[in-house]
Protein chains: 2
Amino acid sequence: MQTAIVLYDKFTALDAIGPYEVLSRLPGASVTFVAAEPGPVKTDNGMLTILVEHSLEQLPAPDVLLVPGGPGEVVPRAGGAVLEWLRQADRTSTWTTSVCTGSLILAAAGLLDGKRATSHWLALEELGRLGAEPVSERVVFDGKLVTGAGVSAGIDMALALAARIAGDTVAQAIQLGIEYDPQPPFNAGSPRTAPVEVVELLRSRSRFEAEQEALATP
Amino acid sequence: MQTAIVLYDKFTALDAIGPYEVLSRLPGASVTFVAAEPGPVKTDNGMLTILVEHSLEQLPAPDVLLVPGGPGEVVPRAGGAVLEWLRQADRTSTWTTSVCTGSLILAAAGLLDGKRATSHWLALEELGRLGAEPVSERVVFDGKLVTGAGVSAGIDMALALAARIAGDTVAQAIQLGIEYDPQPPFNAGSPRTAPVEVVELLRSRSRFEAEQEALATP
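In this numbering scheme, every chain counts its residues from 1 along its sequence in written order. Chains carry letters from A onward and ligands carry numbers from 1 onward, assigned in written order. Whole-chain, interface and lining totals are the exception, using all residues; otherwise, since this is a predicted model, local features are given only for residues with pLDDT of at least 70 and side-chain atom pairs are given and counted only at 80 or more.

## Focus on helix 1 (residues 13–23) of chain A
Part 1 of the argument: To sort residues by burial, count the other C-beta atoms lying within 10 Å of each one's C-beta; a count of 20 or more means buried, 12 or fewer means exposed, and anything in between means partly exposed. C-beta atoms are built from the backbone. Secondary structure elements follow DSSP: runs of H or I of four or more residues count as helices, runs of E of two or more count as strands, with numbering from the N terminus. The buried fraction of helix 1 of chain A amounts to 11 of the 11 residues, a majority that puts the element mostly inside the structure.
Part 2 of the argument: Taken together, the buried positions of helix 1 of chain A are occupied by Ala13(A), Leu14(A), Asp15(A), Ala16(A), Ile17(A), Gly18(A), Pro19(A), Tyr20(A), Glu21(A), Val22(A) and Leu23(A).

## Observations regarding the sheet that holds strand 11 (residues 145–148) of chain B
Residues and elements named next belong to chain B.
Part 1 of the argument: One open sheet accounts for 7 strands, arranged 5-2-1-6-7-11-10; its pairing is mixed. Both edges of this open sheet fall to strand 5 (54–55) and strand 10 (139–142), since each of them pairs with a single strand only.
Part 2 of the argument: Pairing between strands is defined by DSSP: at least two bridges between the two strands are required. Note: strand 6 (residues 64–67) against strand 7 (residues 95–99), 4 bridges, orientation parallel. In the strand pairing of strand 7, Val64 is matched with Trp95.

## Looking at the relation of the copies chain A and chain B
Here the two chain copies are tied together by a rotation about an axis and a shift along that axis.
Part 1 of the argument: Superposition of the copies was done by least squares, using only C-alpha atoms of residues whose pLDDT is at least 70 in both. Under the fitted operation, chain A is carried onto chain B by 0.0 Å of movement along the axis and a turn of 180°, and the coordinates agree to an RMSD of 0.0 Å. The transformation just described matches what one would write down for a two-fold rotation axis. Of every C-alpha in chain A, the one belonging to Ile50(A) sits nearest the axis of rotation, 2.3 Å from it.

## Quick look at helix 3 (residues 81–92) of chain B
Residue and element names in this part refer to chain B.
Part 1 of the argument: Between the first and last residue of a helix there are one fewer steps than residues, each counted as 1.5 Å, and that sum is the expected span. The terminal C-alpha atoms of helix 3, which comprises 12 residues, lie 18 Å apart, in line with the 16 Å expected from a rise of 1.5 Å per residue.
Part 2 of the argument: Those residues of helix 3 that sit buried are Val82, Trp85, Leu86 and Ala89. Projection of helix 3 onto a plane perpendicular to its axis shows the buried side chains occupying an angular sector of 105°, all on one side. Residues of helix 3 that are exposed and point over 90 degrees away from its buried face: Arg87 and Arg91.
Part 3 of the argument: Check the buried side of helix 3 and you find it contacts strand 1 (2–6), strand 6, helix 2 (74–77) and helix 4 (102–108). For this quantity, the arc is that covered by the directions from the helix axis to the C-beta atoms. Contact between two residues is assigned whenever their backbone-derived C-beta positions fall within 7 Å.

Scope: geometric values only; no functional claims are made or implied.
Okay, here's the thing in structure tokens:
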């Protein structure tokens, strides 16, 4: 079972590493990080560097594709090698998956047209504009397309996928191995449960960032 | 607020990346990955390489120390640069923290003597042998020493720490930003809740691995 995780500059680390930690524990699993250009890839805040050792061409037909999100998604989403590779690799994949705004990249590749899919809660409208049917759920299966909500949802998505791939007992063993018995200190992980002022804080920051980006783009 | 995350060969990725994702979002935060030798550091399964750009000496006095766990912990735990650096850095740190079997390294450095602390559920006995008072809780505060349980517990630990450092609203905004509204597909993340046969599977595998390691050690 070969999983390819596609990295690009300014991806969000946990989007990729959550599912990696789960899927790498499947019996016989091989997880490979790939990028348009092998070499160091920095995360969204520039504080962490992953050394990607394989190009997209070196892995043309993995069993599982996984695309993380992050503010850098605007670049691969605009066209080029990642979109072309995704379209090709999806033809033979068993599962094509994303976490957070990675679903915007899948949608831009045309792989989510008319399909039920999710994304970070702040990106669901954009996901709809790109042709998917946005669903406000943590993990969404539509045939072989599997999408997870924001950042940390990749862990839940990967455990659900592990169960489909290898059965419930193996998935439970992985869950126990990573001691995934979550006890968040607050009930604030969803816009439905977080205090209204916290939701507004993130919405306004998101609008501000979008405006900054629009101004910065020539 | 400077956080140093200490990496070493065969650490477990999510132990480090969960807290990184949370602590890097604190206002004014800087998270730096450090190692005895800067350069590429591979995770426990060899499938992921982090490029560490700073040595321990370059960061002698961070505000927050964080030590992840992983099967490679036996090497830094046995003595040398990491233990010496931890003892020094702990003198001036505001918080000294670990995830999973990272607490075995803190204990070996003498920083958990007589202190309440936790670790991966399979490592709690070993933690006791190293002088700590093992506690089967997900996140344990004892003064400035903060320890998290296995692998994924680093996310809960870091959110609890973020609340202490910057207040509840900031921590809630981080939680909502990473959409940490966990919905594990099974209730199997703790030996108290997982099916008995799954717990036994992990216990026996753990014994097997310990025996293999003992045989491999000259």
